[in-house]
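Next come the chains, spelled out residue by residue.
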Amino acid sequence: SNHGGSNPAPSQNHNMPRREERGHREKRRGDRGSHGDEDGPKGSTLLEEFKASKTKRFELVDIQGHAVEFSMDQHGSRFIQQKLESAQGDQADAVFMEVLPSALKLMTDVFGNYVIQKFFEHGKEEHRRELIDKLQGHVLSLSLQMYGCRVIQKALEVIDEDMQIQLVRELDGHVMRCVRDQNGNYVIQ
């Protein structure tokens, strides 16, 4: 009889590899046409697969339906940024349309803000205009936010003068508050 020794129950030893094998089988099945949405919560196996994969070359089209989630992940965000620098119009448009409804949330996200900045930098004029529309009414709060201030700075660097004036008007009467703020002062500069 076992007197509470440190040896784990035999069943625990045998279950570990099986669980891992089952995970690999599920991933393989997911590759066969399913986008992973049907198999359970949308907390993404695709993002995990992307991070784990050393061989598969992912393109923007491969992350369709997961762009916001990828944007809010360190590795996913970097992937989208790199792809946007050289993306053909349709690919960038698809990602843009997917992230646009979440643009404000991404602007204040530690990794998402970089994706929004890339759209300001490498996106089409219409992308910039739609992002400016999303910024409307939020310029001050974004300017005072750690990551949002970077998006506002990037926007002001790359947009037309008429759009710059539109954004800066929202800071009217708040310049000193921004100057004194650790994030806002960068926007004012």
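Note that the structure is a prediction, hence the values are computed from the model and not measured.

Colleague: Even after reading the chapter, I still don't get the confidence of the model for the chain, so can you show me in this structure?
Modeller: Caution is warranted with low-pLDDT regions, since their predicted coordinates should not be read in detail. Here the chain averages 82 in pLDDT, and 77% of its residues register 70 or above. Summarising per-element confidence for the chain, the mean pLDDT is lowest in helix H1 (residues 10-31) (42) and highest in helix H6 (residues 103-107) (98). Scored below 50 in pLDDT, residues 4-41 makes seven contacts in the model with residues more than four places away or belonging to other chains.

Colleague: Can you walk me through the nonpolar core in this structure?
Modeller: A general tendency of soluble globular proteins is for nonpolar side chains to be buried together. Counting 42 residues, the largest nonpolar core has Ile80, Phe120, Leu131 and Leu135 as its most contacted members. Considering each element in turn, this core owes the most residues, five residues, to helix H10 (residues 148-158).

Colleague: Honestly, the packing of aromatic side chains in this entry has me stumped. Any pointers?
Modeller: Describing an aromatic ring pair means giving the distance of the ring centres and the angle of the ring planes. Evaluation of the coordinates by the stated rule reveals five aromatic pairs. Ring geometry for Phe50 against Phe70: centres 5.2 Å apart, planes inclined by 55°, an arrangement best described as tilted. You can see Phe50 sitting in helix H2 (residues 45-52) and its partner Phe70 sitting in helix H3 (residues 67-71), a full 20 residues away along the chain. For the pair Phe50 and Phe70, one class covers both residues: buried. Each ring, one from Phe96 and one from Phe119, has its centre 5.0 Å from the other, and the planes form 65°; the classification is edge-to-face. Linking Phe96 in helix H5 (residues 89-99) with Phe119 in helix H7 (residues 112-122), this pair joins segments that are 23 residues apart in sequence.

Colleague: Teacher, can you tell me more about a nonpolar patch on the surface here?
Modeller: On the surface, Val175, Met176, Val179 and Ile188 cluster together into a nonpolar patch covering about 310 Å² of accessible area. If one sorts the elements of the nonpolar patch by residue count, helix H12 (residues 175-180) sits on top with three residues.

Colleague: Whenever I open this one, the side chain of Ser77 confuses me. Can you help?
Modeller: Here Ser77 is to be found in helix H4 (residues 74-86). The class for Ser77 is buried, based on a relative accessible area of 1%. Excluding its chain neighbours within four sequence positions, the residues that come into contact with Ser77 are Phe70, Ser71, Phe111, Tyr114 and Val115.

Reading the values: the criteria
- Every chain is numbered on its own, with residues counted from 1 as its sequence reads.
- pLDDT decides what is reported in this predicted model: residues at 70 or higher carry local features, side-chain atom pairs at 80 or more are listed and counted, and totals for whole chains, interfaces and linings draw on all residues regardless.
- To obtain the side-chain values, all non-hydrogen atoms of the structure were included, while hydrogens and water were left out.
- The pLDDT score gives, residue by residue, the confidence of the prediction method on a 0 to 100 scale.
- Only DSSP runs of H or I reaching four residues or more are called helices, and only runs of E reaching two or more are called strands; each is numbered from the N terminus.
- Any two residues whose heavy atoms approach within 4.5 Å are treated as being in contact.
- Throughout this description, the term nonpolar core refers to a set of buried Ala, Val, Leu, Ile, Met, Phe, Trp, Tyr and Cys residues connected via side-chain atoms within 4.5 Å.
- Residue exposure (1.4 Å probe, protein chains only): buried if accessible area is under 20% of the type maximum, exposed if over 50%, otherwise partly exposed.
- Two rings belonging to Phe, Tyr or Trp (six-membered ring only in the last case) form a pair when the distance between their centres is within 6.5 Å. Interplanar angles under 30 degrees mark stacking, angles over 60 mark edge-to-face geometry, and anything in between is tilted.
- Residues form patches when they are more than 30% accessible in relative terms and have no salt bridge. Like charges link within 9 Å. Nonpolar side chains (Val, Leu, Ile, Met, Phe, Trp, Tyr) link within 5 Å.
- Each accessible area is a Shrake-Rupley estimate made with a 1.4 Å probe; only the visible protein chains count as cover when residues are assessed.
- Salt bridge, as used here: a side-chain nitrogen of Lys or Arg that lies within 4 Å of a carboxyl oxygen of Asp or Glu.

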